Amino acid sequence: MQRGGFRTIGARIVHVSVLVVFTILLAFPFYWMVIATFKQNIDLYTVENNPFTFNAKPTLDHLRLLFGETQFVRWLGNTALVGALVVVITLLLAVPAAYALARLTGRWGQHLGIGIFLTYLIPPTLLFIPLSRVVALLGLQDTIWSVVLVYPSMTIPFSIWLLMGFFKSIPKELEDAAMVDGLTRFGAFIRMVVPISVSGILTVVIFSFTLVTQEFVYALTFISPESNQMVGVGIPIFLVRGDVYFWGSLMAACLITSVPIALLYNLFLDRFIAGFTVGAVK
Amino acid sequence: MAVVETRNLTKVFKEGELGAVNKVSLATHEGEFLVFLGPSGSGKTTLLRMIAGLETPTSGEILIGGQVVNHLTPRERRIAMVFQSYALYPHLSVYNNIAFPLKAQKVPREQHRTKVEWAAGLLGIGKLLGRKPRELSGGERQRVALARAIVREPAVFLLDEPLSNLDAKLRASAREELEQFHKSVGTTTIYVTHDQVEAMAMGDRIVVLHQGVVRQIGTPKDVYEDPADTFVATFLGSPPMNLVEFSDVIVGFRPESFLPADLLPGAKHVRFRYKVNYVEYLGAERVLYGAIEGRHFESKEIISRLSWTMPAGYDAGSVHDFSVAESDLRFFDRKTEKRADPRPYPWQ
């Protein structure tokens, strides 16, 4: 009894310590961004100061610089627009493709799915030169449409591969039942398969959107004007001037960009994890 | 209600290979409970799926209510199907699961509640309407699946092994409920199973399938007592029919007809010396495994089934006189394995 008691307490201590370690590890960058955003430069650069707290009065100077002297809001808008478009294009192409590969082509579906996934593994650093020719030929250079065109080539293969797994886990009998109950195959797909795979679809949405916000090479290569920048390129280009780093504003920009995505992840966390098809089939 | 008929229905999945279903012609009666019985791989589910419209036949015709339905989609065939896994929609509540066919078929919204409540009431699941499928037990899921099937009052029910996911005790009561249910709605029902007890207990008639071919269609009594060939003879009955080869015929008799000679008065018997090798005690009965000694059938393996009311003393190693009434013998052609005419003993 006593030994069991010790063991439970021991297990709890390990459990809690692991949680604490990971929480600190994951929360620290956010803490650092917040504190750096509001610190005066003099406080930030004085080596003797305790870096984890405010040693002088907090300031809004860095935010003023970010919003007043750069086109940060415009970049955020560009990124949101490109993100939304890429998500829509990805879903429109990847969802039907993944369903077809998962259901209709039998064994070849699997091979083709892996083949498509492999194209995702070709790094952008290899592709940006030929793709910049394509973008130039289409006359899309220096516009956000260049990245709207190029990003789906990265998001679609991965999304197809991911969704294939989701669709395969949905028992075929569910669609059969829906078809017997009065739907067409397309109706069964829209009203049965899509709602059940909502976790997979949300994963695709978040994956595509985050890819757009963090992609660097294509955005840097294809777009030069300040007003058309994506947030991931605009921040380092315009807040690092020569050898001067505007740390406070850089951290503020990172914070403002990353918090919404972090919140989004948190909001749908259950959806990602939930065993959504449990109970459908014994 | 409607009659389902198939004419030379064939399904070949891979060209050049043997068909999963081969030239099956059969017809249900109006309001009948017809059972497709066969081992796994016998084509019974494929046959059912073709009738449902979920599988396209390679050749042949399917008729429902006298109309050829080959070209119709599943939803146009006025059928309802219960799947082996029940296929409940996991993201919908029980109410919405049952109402789903109504919505899909665009039944006016104001009728939904009445119909769902009628179906749920019939199956005793009125209290579960707010739950999700994952919160139900196996038996409850099966009832929800049935309620979803009856809610739009289909012409034909197709049931694909709906009891195979239930434990033995629940299965017996569900079987009884299903029979009652069929009696009360009276819809033509096709039921697929590999379980002969289910088939015998529930079926008005049984279609015995093997390798995609219909071996026999008949009432449970027909297929059990007068099997059309040796496959049916050994597939039905547990333990199966004893088969002994003799010149150009195979002679079959049920283990329960092979009894101690002194318990079978009257003249028309065939007698054997029977050596018991081992005994299975099953409570209500004993199953003896042994061999015939002497005469034509030296050391043929034979099974006998004795009811618990019969005297004890048939222990392993003992030798007794056993006999079979001549009227209980069935004859099969040795080449074709089909039923042959009875012959007088000694069968020459």
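Residues numbered from 1 in each chain as written. Chains lettered and ligands numbered in written order. Predicted model: local features only at pLDDT ≥ 70, side-chain atom pairs only at ≥ 80, totals over all residues. Heavy atoms only, no water.

Focus: the side chain of Arg-49 of chain B
- With respect to the helices and strands, the residue Arg-49 of chain B is situated in helix H1 (residues 44-52).
- Relative accessible area serves as the criterion here: at 15%, Arg-49 of chain B is assigned to the buried category.
- At a separation of 2.8 Å, a polar atom in the side chain of Arg-49 of chain B contacts the side chain of Asp-176 of chain A. (Helix = DSSP H or I, 4+ residues; strand = E, 2+ residues; numbered from the N terminus. Buried < 20%, exposed > 50% of the residue type's maximum accessible area, 1.4 Å probe, protein only. Polar contact = N/O pair within 3.5 Å; in protein donor to acceptor, adjacent residues only side chain to side chain.)

Considering the packing of aromatic side chains
Residue and element names in this part refer to chain B.
- Scanning the model with the defined rule gives 31 aromatic pairs over all chains in all.
- Here Phe-258 and Phe-272 contribute two aromatic rings whose centre-to-centre distance is 6.0 Å and whose plane-to-plane angle is 55°, an arrangement assigned as tilted. Highlighted residues: Phe-258 in the loop between strand E12 (249-253) and strand E13 (259-260) and Phe-272 in strand E14 (residues 269-281), separated in sequence by 14 residues. Neither Phe-258 nor Phe-272 differs from the other in exposure class; each is buried.
- Between Tyr-274 and Phe-322, the aromatic rings sit 4.8 Å apart at their centres with planes inclined by 55°, giving tilted as the arrangement. Linking Tyr-274 in strand E14 with Phe-322 in strand E17 (residues 319-325), this pair joins segments that are 48 residues apart in sequence. (Phe/Tyr/Trp six-rings, centres within 6.5 Å; stacked < 30°, edge-to-face > 60°.)

Description of the interface of chain A and chain B
- Each side of the interface is counted separately: chain A has 22 residues, and chain B has 26 residues.
- Taking both sides of the interface into account, the surface hidden between chain A and chain B amounts to around 2300 Å²; carbon and sulfur atoms contribute 60%.
- In this structure, the connection of chain A to chain B is made through three salt bridges.
- Across the contact surface, chain A and chain B share eight residue pairs in polar contact (both at pLDDT 80 or more).
- Those elements giving two or more residues to the side of chain A that touches chain B turn out to be helix H9 (172-180) and helix H10 (185-196) of chain A. (Contact = heavy atoms within 4.5 Å. Buried area = accessible area lost by both parts, 1.4 Å probe. Salt bridge = Lys/Arg side-chain N within 4 Å of Asp/Glu carboxyl O.)

So, unusual backbone geometry
- The linkage connecting Ser-238 of chain B with the following residue, Pro-239 of chain B, adopts the cis geometry, with an omega of -5°.
- Its location among the elements puts Pro-239 of chain B in the loop between helix H8 (230-235) and strand E11 (242-246).
- At Asp-142 of chain A, a residue that is not glycine, the phi angle is positive and equals roughly 65°.
- One non-glycine residue with positive phi stands out, namely Ala-87 of chain B, at about 50°.
- In this structure, Ala-87 of chain B sits in the loop between strand E6 (79-82) and helix H2 (94-104).

Focus: the pairing of strand E4 (residues 59-64) of chain B
Residues and elements named next belong to chain B.
- One ladder, built from five bridges, connects strand E1 (residues 4-11) with E4; its direction is antiparallel. Bridge pairing links Val-4 to Ile-64 in E4.
- Two elements, E4 and strand E5 (residues 67-68), share two bridges in a ladder whose sense is antiparallel. Each bridged residue has a counterpart across the sheet, and for Ile-64 the counterpart in E5 is Gln-67. (Pairing = 2+ DSSP bridges.)

Topic: the sheet that holds E17 of chain B
All names here are of chain B.
- With antiparallel pairing, the five strands of this open sheet are ordered in space as E13-E17-E14-E15-E16. One side of each edge strand has no neighbouring strand; the edge strands of this open sheet are E13 and strand E16 (301-307).
- By the bridge criterion, seven bridges tie strand E15 (residues 285-293) to E16 in an arrangement that is antiparallel. Paired with Val-287 across the strands is Arg-305, a residue of E16.

As for the layout of surface pockets
- Considered as a void within the structure, the largest pocket measures approximately 450 Å³ in volume.
- Residue lining of the largest pocket: 20 residues in total, with Lys-172 and Arg-185 of chain A together with Arg-49, Leu-54 and Glu-55 of chain B positioned closest to the centre.
- The dominant element in the lining of the largest pocket, judged by the number of residues it contributes, is H9 of chain A, at three residues.
- Among the residues making up the lining of the largest pocket, the classes are represented as seven nonpolar, five polar and eight charged.
- For the second largest pocket, the calculated volume is near 250 Å³.
- Around the second largest pocket, the lining residues are Thr-210, Thr-213, Gln-214, Val-231, Gly-232, Ile-235, Pro-236, Cys-254, Thr-257, Ser-258 and Ile-261 of chain A. (1 Å grid on protein atoms, 1.4 Å probe; cavity = no way out; pocket = protein on both sides within 12 Å on 5 of 7 lines; lining within 4 Å. Points joined across faces, edges and corners; volume = space filled by probe spheres on them. Nonpolar A, V, L, I, M, F, W, Y, C, P; charged D, E, K, R; others polar.)

Some words on the pattern of salt bridges
- In this structure the tally under the stated criterion is 25 salt bridges over all chains.
- In this structure, the salt-bridge partner of Arg-49 of chain B is Glu-55 of chain B, at a minimum N-O distance of 3.0 Å.
- A salt bridge links Arg-305 of chain B to Glu-285 of chain B, with the nearest nitrogen and oxygen atoms 3.1 Å apart. Remark: Glu-285 of chain B occurs in strand E15 and Arg-305 of chain B occurs in strand E16; sequence separation between them is 20 residues.
- For Arg-305 of chain B, a relative accessible area of 22% puts it in the partly exposed group.
- Connected via shared salt-bridge partners are Arg-103, Glu-175 and Arg-185 of chain A.

Some points on the confidence of the model for chain A
- When pLDDT is averaged along chain A, the result is 87; 94% of the residues meet or exceed 70.
- Low confidence marks residues 275-282 of chain A, where pLDDT is under 50. Its contacts with residues over four positions away, or in another chain, come to 24 contacts. (pLDDT = per-residue confidence, 0-100.)

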